[in-house]
Amino acid sequence: MRYNLHTHTYRCRHASGSDREYVEAAIKAGMKTLGFADHCPQFFPNGYYSTFRMRPEAAAEYVESLRALKKEYKDDIDILIGFETEYYPELFGKFMEFIEPLELDYMIMGQHFIHNEYEVPDYYARNPSYNDAKQYVRQTLEGLRTGAFTYIAHPDILRHEDSVFYRELMTYFCRQLKEMNIPVEYNILGYRNKKWYPNPIFWQAAAEVGNKVVLGYDAHEPGALLEQNHFDACMGYLNALGITPVNFEDVEIRKPVLKVR
């Protein structure tokens, strides 16, 4: 059964299309569940704010819009409301306090940065040192252990030129994720846009470890949900590795719970 839990909206300032257009595209594609996980607001020090995430003042309207569509389209599709977020330890408590009254259905981890994005904002998870690659895995696992996240998006966004080191680190990463029952996402946007991920080395490790896998469109425009050719190509690749993505019923939707006060 087709579903997608990785959908963005115009509020993150790098996606397009109305909320309704995403819902109608998902219905046309035959989906029974559509989850919105736009890039979450954050509360940075020193006046910094990124250009690729929702502003805090947009969050309430985001939830209200999607709840109205959930009610309107209840006979056609189930709509879930969430966020995609990085885990920044020093900001996580304030973030969780902010989202508590929003009563989200779920969150997905999308760790794009090592350490944080405001002290070294250009330091993306690309070509890191050995120590920073290890830090990326440690920080991501620490965030996932809070129990606030349903799955990890593009878990192979980290890359490293040393393929032997990368394979060993990703095998360890996959084993920890399996132990926590955290599904890993095969990112259709990465495939579609010919990014450096999905990374074959990671997916060979995931196949060997036996991780639970979901397909995520990472949709930044409604039409992406209708691109059957990309979905089929990603399914074919996973199947060739012996991986069968799980049905929606086998995904444990974890409601974010405030644990840090």
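Residues numbered from 1 in each chain as written. Predicted model: local features only at pLDDT ≥ 70, side-chain atom pairs only at ≥ 80, totals over all residues. Heavy atoms only, no water.

Draft legend 1. Broad picture of the packing of aromatic side chains. Throughout the structure, instances matching the rule amount to 18 aromatic pairs. An angle of 35° between the planes, with centres 5.7 Å apart, marks the rings of Tyr186 and Tyr237 as tilted. A residue pair is termed long-range when its members are at least 10 positions apart, and Tyr186 in strand β6 (residues 184–187) and Tyr237 in helix α8 (residues 228–240) qualify at 51 residues. Look at Tyr237 and you get partly exposed, because its relative accessible area is 28%. On the basis of an interplanar angle of 75° and a centroid distance of 5.0 Å, the ring pair of Phe202 and Trp203 is categorised as edge-to-face. Take Phe202 and Trp203: they sit in the same class, and that class is buried. Linked through ring pairs, Phe44, Tyr48, Tyr49, Tyr88 and Tyr118 together constitute an aromatic cluster. The cationic tip of Arg55 hangs over the ring face of Tyr49; the distance from NZ or CZ to the ring centre is 4.2 Å. Between Arg159 and the ring centre of Trp196, over which it is positioned, the NZ or CZ distance is 4.4 Å. (Phe/Tyr/Trp six-rings, centres within 6.5 Å; stacked < 30°, edge-to-face > 60°. Helix = DSSP H or I, 4+ residues; strand = E, 2+ residues; numbered from the N terminus. Buried < 20%, exposed > 50% of the residue type's maximum accessible area, 1.4 Å probe, protein only. Lys NZ or Arg CZ within 6 Å of the ring centre and 35° of its normal.)

Draft legend 2. Representation of the packing of helix α5 (residues 163–179) against helix α7 (residues 200–209) within the structure. Running from amino to carboxyl end, α5 crosses α7 at an angle of 40°, the nearest separation of the two axes being 9 Å. Viewed along their axes, α5 and α7 adopt a mutual orientation that is oblique. Our pair here, α5 against α7, has a crossing hand that is right-handed. In this structure, α5 uses Ser163, Tyr166, Arg167, Met170, Thr171, Phe173, Cys174, Arg175 and Lys178 to contact α7, whose residues at the interface are Ile201, Phe202, Gln204, Ala205, Ala206, Glu208 and Val209. (Axes fitted to C-alpha atoms, helices over the stretch in contact; angles between N-to-C directions. Parallel < 35°, antiparallel > 145°, perpendicular 65-115°, else oblique. Left-handed = near helix turned anticlockwise from the far one by under 90°. Contact = heavy atoms within 4.5 Å.)

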